[in-house]
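Spelled out from the first residue to the last, the chains are:
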Number of protein chains: 2
Amino acid sequence: MIITKEQVLQALGNVEEPDLKKDLVTLNMIQDIHIEGLNVSFSVILTTPACPLKALIENACRNAISHFISKEAVVSVNMTSRVTTQKNTGVPGVKNIIAVASGKGGVGKSTVAANLALGLAKSGAKVGLIDADIYGPSVPIMFGLEGARPQASVVDGKTRIEPIEKYGIKLLSIGFFTDPNQPVPWRGPMVSTAVKQLFNDADWGELDYLVIDLPPGTGDIHITITQTFPVTGAVIVTTPQNVALADAKKGVGMFMMPAINVPILGVVENMSYFTPAELPDNKYYIFGKGGGQKLASQLDVPFLGEIPLVKSISDSGDAGIPTILQEDGVMTKAFTDMAQRVAQQVAISNAKALGNGAIATV
Amino acid sequence: MIITKEQVLQALGNVEEPDLKKDLVTLNMIQDIHIEGLNVSFSVILTTPACPLKALIENACRNAISHFISKEAVVSVNMTSRVTTQKNTGVPGVKNIIAVASGKGGVGKSTVAANLALGLAKSGAKVGLIDADIYGPSVPIMFGLEGARPQASVVDGKTRIEPIEKYGIKLLSIGFFTDPNQPVPWRGPMVSTAVKQLFNDADWGELDYLVIDLPPGTGDIHITITQTFPVTGAVIVTTPQNVALADAKKGVGMFMMPAINVPILGVVENMSYFTPAELPDNKYYIFGKGGGQKLASQLDVPFLGEIPLVKSISDSGDAGIPTILQEDGVMTKAFTDMAQRVAQQVAISNAKALGNGAIATV
């Protein structure tokens, strides 16, 4: 038998992208079809390398060829990706800006932001992280970069700041430019100017995702960033306590305000339960159970996962190495799953914004 | 040999009350001296039944008689107490008002207030508890009193509310008068009136300590209570995180304001470490270590203790029975020690306010 390109496209036209609810061919996700006898090879261009449905989609493609063309076909699928974008983010070369926010402090927002950025990078995406928490920047400590100073040069009369590269991502923190022992007594407008420079004056290059660690609460910086740079979506971090959930709701409310209008990608529940490293099968729901999930369903936004707290009594904190890079246990898995779900929501949000039809791949 | 009353008083004049830095005789703490041959008996009137130095003082008394009078003397010491007071609290029969406050919600302030009240009662003191957290009253749930309604009668044209008695203390909560399913949309002045009624219109009887569970933060209720009723002192509850400590500082600042001017009895650190019931010897410092102690020393106020978090995975929360009554483990000990230290600070504060000399015992 002779297999044709048209047969392959027809077969794969039966495979639906589960999130985008359209078939792969309509979505323009099939490329590089090569046929030699019974050997069929093609590429599937996912909307993100962190796609949690990667294995599922690959399987569905194999089954489609086998079912609609021939059980004898030898199928080789190249799963690849090109991260989508929906609009000009205001930062040249940056496809998506993801804001990480929380209603109140102390919920682990910066930890989630850092591990989200690293989780996306681990999947193969090009990622940057801006620590815009001007009153309590934590990137310098979390990445072991205390005292680091980014290089800055003046090109054609314009300042260019070089982000610092560590663990495969590009980083800038307002903490790189301030003295950690001095409080920052800047007022709103000064803060806004400083934060805008982290976006505008830095040499970010090509990025699939730029993750922003916002200060807790709702304030000047939130308004400045969302009004200056079209943020793709916001991730809300909370802990399971009722008090934290009430504050998280306020945080979500801010992004939904007409003047800000940033899509909510979903809710991440941090410190969901405690697991002693010495008793890895035990889950202690210290702060209550299921609060984050309940909040997400009340707000009708996706639940992006629960992050447990795993600690050993001999654990010194390992400052300078984010969790996702430290171990290969439950926390790494939780952060990796969360990063995949965030990437998934970005892809869905982009697809929705672009309307139906093919995925724009800038 | 013949032992005289004067010899006994002279001997006991060498025993110093460690907190008040004066001897027991000067402090008028020795009473009911009886002598029969070599048998010497007397009472020591402590300033609180919850005195953590009880055993130490008793020992010192025995040693003083043995050392200054005769090794042959058979000493019988009756350790008793009469709780001191320094001023009219504004509530008839109530000797001391202790306010429990926190800079932010979610730190376990109500848990500390309830266990403080029960810990004081366990030592033998007469104790009341007012839950003034109008926006989130927790006493009804913590004491298993949902749906309870205190009896009210009108005597001589004046309303008298009967506090509910449970676990040996008298209780009133704003939650007894509101529907738990309805938000309380009261404004500042209405709230103040309601809270004042819990003090003024209730039949508290004779109380050594009236513990007030204040709402988190700083607001109308705090100002109303502290300006209407002379509060003996405030206990500040915090958790070890830096964010919580910063908020706790603000809370302390409020009590120190000239318009409020309530002495700070000290800082309690809640959720200091986590101990799984299944691994009782392990301490997991989830939120950092020593923050409460550091805060207390920065503010130059006493550190009243760290309360651990002990939980079993089979633990359903035991709502309705406060921790101090549930088990006989580390948490009960932590709360009991804390209650003793608070009582100690009240006694010291009262002694200071009364100036030197004898302890006033109303």
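Residues numbered from 1 in each chain as written. Chains lettered and ligands numbered in written order. Predicted model: local features only at pLDDT ≥ 70, side-chain atom pairs only at ≥ 80, totals over all residues. Heavy atoms only, no water.

**A look at the relation of the copies chain B and chain A**
For the match of chain B to chain A, the screw axis carries a shift of 0.0 Å, the RMSD comes to 0.0 Å, and the turn is 180 degrees. On this basis, the relationship between the two copies can be described by a two-fold rotation axis. Here 100% of the contact residues of chain B are again contact residues in chain A; the copies associate through an equivalent surface. (Least-squares fit on C-alpha atoms with pLDDT ≥ 70 in both. Contact = heavy atoms within 4.5 Å.)

**So, the interface of chain B and chain A**
Contacts between chain B and chain A engage 20 residues on the former and 20 residues on the latter. Taken together, the two surfaces of chain B and chain A that pack against each other cover about 1,500 Å², and 77% of this comes from carbon and sulfur. For chain B, the biggest contributors to the area lost against chain A are Y284, I286 and I313 of chain B; these three give 33% of the whole. Among the secondary structure elements, those contributing two or more residues to the side of chain B that touches chain A are β14 (264-276) and β15 (303-311) of chain B. (Buried area = accessible area lost by both parts, 1.4 Å probe. Helix = DSSP H or I, 4+ residues; strand = E, 2+ residues; numbered from the N terminus.)

**Remarks on helix α8 (residues 291-299) of chain B**
Residue and element names in this part refer to chain B. Within α8 the residues assigned to the buried category are G291, G292, L295 and A296. The arc enclosing the buried residues of α8, seen along the axis, measures out at 135 degrees, which places them on a common side. Exposed residues pointing more than 90 degrees away from the buried face of α8 are listed as K294 and S297. Of the residues one or two after α8, D300 is the one with positive phi, at around 60 degrees. (Buried < 20%, exposed > 50% of the residue type's maximum accessible area, 1.4 Å probe, protein only. Arc of directions from axis to C-beta.)

**Things to note about the packing of helix α3 (residues 109-122) of chain B against helix α10 (residues 330-353) of chain B**
Residues and elements named next belong to chain B. Running from N to C, α3 and α10 point in directions that differ by 75 degrees, and their axes come no closer than 8 Å. What the angle tells us is that α3 and α10 run roughly perpendicular. Of the residues in α10, those in contact with T111, V112, N115, L116, G119, L120 and K122 of α3 are T332, F335, T336, M338, A339, V342 and A343. Classifying every residue of the contact of α3 with α10 gives eight nonpolar, five polar and one charged. (Axes fitted to C-alpha atoms, helices over the stretch in contact; angles between N-to-C directions. Parallel < 35°, antiparallel > 145°, perpendicular 65-115°, else oblique. Nonpolar A, V, L, I, M, F, W, Y, C, P; charged D, E, K, R; others polar.)

**Observations regarding the domain arrangement of chain A**
Residues and elements named next belong to chain A. As assigned here, chain A comprises domain 1 (5-81) and domain 2 (94-354). Taken together, the contact between domain 1 and domain 2 spans eight residues of the former and 11 residues of the latter. Between domain 1 and domain 2 lies a buried interface of about 800 Å² when both sides are counted; carbon and sulfur atoms form 65% of it. If you sort the residues of domain 1 by the area they bury against domain 2, P49, A50 and P52 come out on top, with a joint share of 51%. Residues that form the side of domain 1 that touches domain 2 fall into these classes: five nonpolar, two polar and one charged. (Domains from an automatic or database assignment.)

**A closer look at a nonpolar patch on the surface**
A cluster of nonpolar side chains, M1, L38 and V74 of chain A, forms an exposed patch at the surface whose accessible area comes to about 290 Å². With respect to the secondary-structure elements, M1 of chain A resides in the segment before α1 (5-12). (Patch = residues over 30% accessible without salt bridge, like charges linked within 9 Å, V, L, I, M, F, W, Y side chains within 5 Å. Areas by Shrake-Rupley, 256 points an atom, 1.4 Å probe, with all protein chains shown as cover. Salt bridge = Lys/Arg side-chain N within 4 Å of Asp/Glu carboxyl O.)

**Details of the pairing of strand β11 (residues 169-173) of chain A**
Residue and element names in this part refer to chain A. Where burial is concerned, most of β11 is hidden: five out of the five residues are buried. Of the two faces of β11, the one holding I169, L171 and S173 and the one holding K170 and L172 are both buried throughout. Pairing geometry for strand β7 (residues 127-131) and β11, over four bridges, is parallel. The residue bridging D131 from the neighbouring strand is S173, located in β11. The sheet contact formed by strand β10 (residues 164-166) and β11 spans three bridges and is antiparallel. (Pairing = 2+ DSSP bridges.)

**A closer look at the sheet that holds strand β11 (residues 169-173) of chain B**
Residues and elements named next belong to chain B. Strand order in the open sheet formed by eight strands is β10-β11-β7-β12-β6-β13-β14-β15, with mixed pairing between adjacent strands. This sheet does not close on itself; its edge strands, each paired only once, are β10 (164-166) and β15. In this sheet, adjacent strand axes meet at a mean angle of 25 degrees when their direction is disregarded. Bridge count for β14 against β15 is seven bridges, and the pairing is parallel. Directly across from V268, in β15, lies its bridge partner G305. Set on the sheet, α8 makes contact with β13 (233-238), β14 and β15; between it and β14 the angle comes to about 165 degrees.

**What to know about the pattern of salt bridges**
Scanning the model with the defined rule gives 16 salt bridges over all chains in all. Notably, a salt bridge pairs D201 of chain A with K158 of chain A, separated by 3.7 Å at the nearest N-O pair. Highlighted residues: D201 of chain A in the loop between α5 (188-200) and β12 (207-213) and K158 of chain A in strand β9 (residues 158-161), separated in sequence by 43 residues. We classify D201 of chain A as buried; its relative accessible area is 14%. Among the residues examined, K158 of chain A registers a relative accessible area of 41% and is labelled partly exposed. One salt bridge in this structure joins K333 of chain B and D337 of chain B, with 2.7 Å as the shortest N-O distance. Of the two residues, K333 of chain B and D337 of chain B are both situated in helix α10; the distance of four residues between them amounts to about one turn of the helix.

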